[in-house]
Amino acid sequence: MTPEEFKRRLEELEKVICDAVAYFHAWRGLVVEDEDSVQSLNRYKGFFRSAHNALLWMTIMQLAKAFDHDTRTISLRNLLNLAKQDPSNLVPHMGAEAIQVMEKGIDDNEALLERLKAFRDQRLAHHDSVPTKEMSLQFRDVEELVTEVQSMYNNLRRGHDRVLVAFDAIARDAERDVVGVVNLMREDMARFLNRLNENQGR
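Residues numbered from 1 in each chain as written. Predicted model: local features only at pLDDT ≥ 70, side-chain atom pairs only at ≥ 80, totals over all residues. Heavy atoms only, no water.

Scanning the protein from terminus to terminus reveals nine helices and zero strands. Walking the protein from its N terminus toward its C terminus, one meets helices and strands in the order α-α-α-α-α-α-α-α-α. With 202 residues in all, the protein has 38% of them scored as buried. For the protein, the share of sequence-separated contacts (at least 6 apart) that also reach a separation of at least 24 residues comes to 74%. For the protein, the exposed area adds up to about 11,700 Å²; of that, 51% sits on carbon and sulfur atoms. (Helix = DSSP H or I, 4+ residues; strand = E, 2+ residues; numbered from the N terminus. Buried < 20%, exposed > 50% of the residue type's maximum accessible area, 1.4 Å probe, protein only. Contact = heavy atoms within 4.5 Å. Areas by Shrake-Rupley, 256 points an atom, 1.4 Å probe, with all protein chains shown as cover.)

Dropping the structure here:
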């Protein structure tokens, strides 16, 4: 494989991870705790509940792509395997020890990643399936994977051409925009309550 083709595949994987980061932080932004925000979003719960679930599910699906075992896919595991075959051309700025560390990082998450894939396959692809207790995903598990996939990608990308992707900017944009939407919903709720009070006072 040429360095140019390897870079193209890296950039394809980058898009997948960028989507996972954006979806995750948008989903987290909709997890509101103060009563005013809860009531404001619940006024349109048919939309926000669906959006909340869809964002989490899309996060999980993108993460599963990033760690996919299928050799036909562009995943961290597959790109790392390619890099190991021709490190001097594909990852000239990444030593053998760094490759081993990254490989171990992927392997250490094997059980969680398998649970992630099982959740995607059985719960998302087949909506009528009921996930078992063992397949349940905790918030911290998803958050950990989102953090680790960014770090692993940047390690591989830096090894290839010394480029680092600013995933944190994507996270900030998603969080900022969701906060903006929540604030708009709070303002809408306040106007609704004001009109209701005015009508009752007549």
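When pLDDT is averaged along the protein, the result is 87, and 88% of the positions lie at 70 or above. This model gives residues 127–135 a pLDDT under 50, and the stretch forms 10 contacts once residues within four places in sequence are excluded. (pLDDT = per-residue confidence, 0-100.)

The subject of this paragraph is the packing of aromatic side chains. Evaluated as defined, the whole model comprises three aromatic pairs. Aromatic side chains Phe47 and Phe48 sit 5.0 Å apart centroid to centroid with 80° between the ring planes, which places their arrangement in the edge-to-face category. Here Phe47 falls in the exposed class, since its relative accessible area comes to 55%. For Phe48, a relative accessible area of 9% puts it in the buried group. The ring centre of Phe192 lies 4.1 Å from the NZ or CZ of Arg43, which sits over that ring. (Phe/Tyr/Trp six-rings, centres within 6.5 Å; stacked < 30°, edge-to-face > 60°. Lys NZ or Arg CZ within 6 Å of the ring centre and 35° of its normal.)

What follows is about the layout of surface pockets. Quantified by volume, the largest pocket comes out at close to 200 Å³. In terms of lining, the largest pocket is formed by Leu30, Val31, Val32, Val38, Leu41, Asn42, Lys45, Phe48, Arg49 and His52. Counting residues per element, the ones that place at least two in the lining of the largest pocket are α2 (35–42) and α3 (45–66). Looking at the lining of the largest pocket, its residues break down into six nonpolar, two polar and two charged. Put simply, the second largest pocket is a space of about 150 Å³. Going through the elements one at a time, α6 (96–108) and α8 (139–161) are the ones with two or more residues in the lining of the second largest pocket. It is α8 that contributes the most residues to the lining of the second largest pocket, five residues altogether. Classifying every residue of the lining of the second largest pocket by side-chain character gives five nonpolar, six polar and one charged. (1 Å grid on protein atoms, 1.4 Å probe; cavity = no way out; pocket = protein on both sides within 12 Å on 5 of 7 lines; lining within 4 Å. Points joined across faces, edges and corners; volume = space filled by probe spheres on them. Nonpolar A, V, L, I, M, F, W, Y, C, P; charged D, E, K, R; others polar.)

Attention now moves to the packing of helix α1 (residues 3–29) against helix α4 (residues 76–85). One way to put it is that α1 packs onto α4 with a least axis distance of 11 Å and a crossing angle of 160°. The angle between the axes of α1 and α4 places the two elements in the roughly antiparallel class. Our pair here, α1 against α4, has a crossing hand that is left-handed. On α4, the residues touching Phe6, Arg9, Leu10 and Leu13 of α1 are Leu76, Leu79, Leu82 and Ala83. When its residues are assigned to classes, the contact of α1 with α4 shows seven nonpolar, no polar and one charged. (Axes fitted to C-alpha atoms, helices over the stretch in contact; angles between N-to-C directions. Parallel < 35°, antiparallel > 145°, perpendicular 65-115°, else oblique. Left-handed = near helix turned anticlockwise from the far one by under 90°.)

Okay, the pattern of salt bridges next. For the structure on display, the rule yields 18 salt bridges. Where Arg176 meets Asp173, a salt bridge forms, and the shortest distance between an N and an O atom there is 3.1 Å. Separated by three residues within a single helix, Arg176 and Asp173 lie in helix α9 (residues 167–201), roughly one turn from each other. Each member of the salt-bridge network shares a partner with another, and the members are Glu11, Glu14, Arg157 and Asp161. (Salt bridge = Lys/Arg side-chain N within 4 Å of Asp/Glu carboxyl O.)

Our next topic: the environment of Pro92. In this fold, Pro92 is placed in the loop between α5 (87–90) and α6. Considering only alpha carbons, one finds Pro92 and Arg162, 70 residues apart in sequence, at a separation of 9.5 Å. In this structure Pro92 touches Pro87, Gly159 and His160, once residues within four positions along its chain are discounted.

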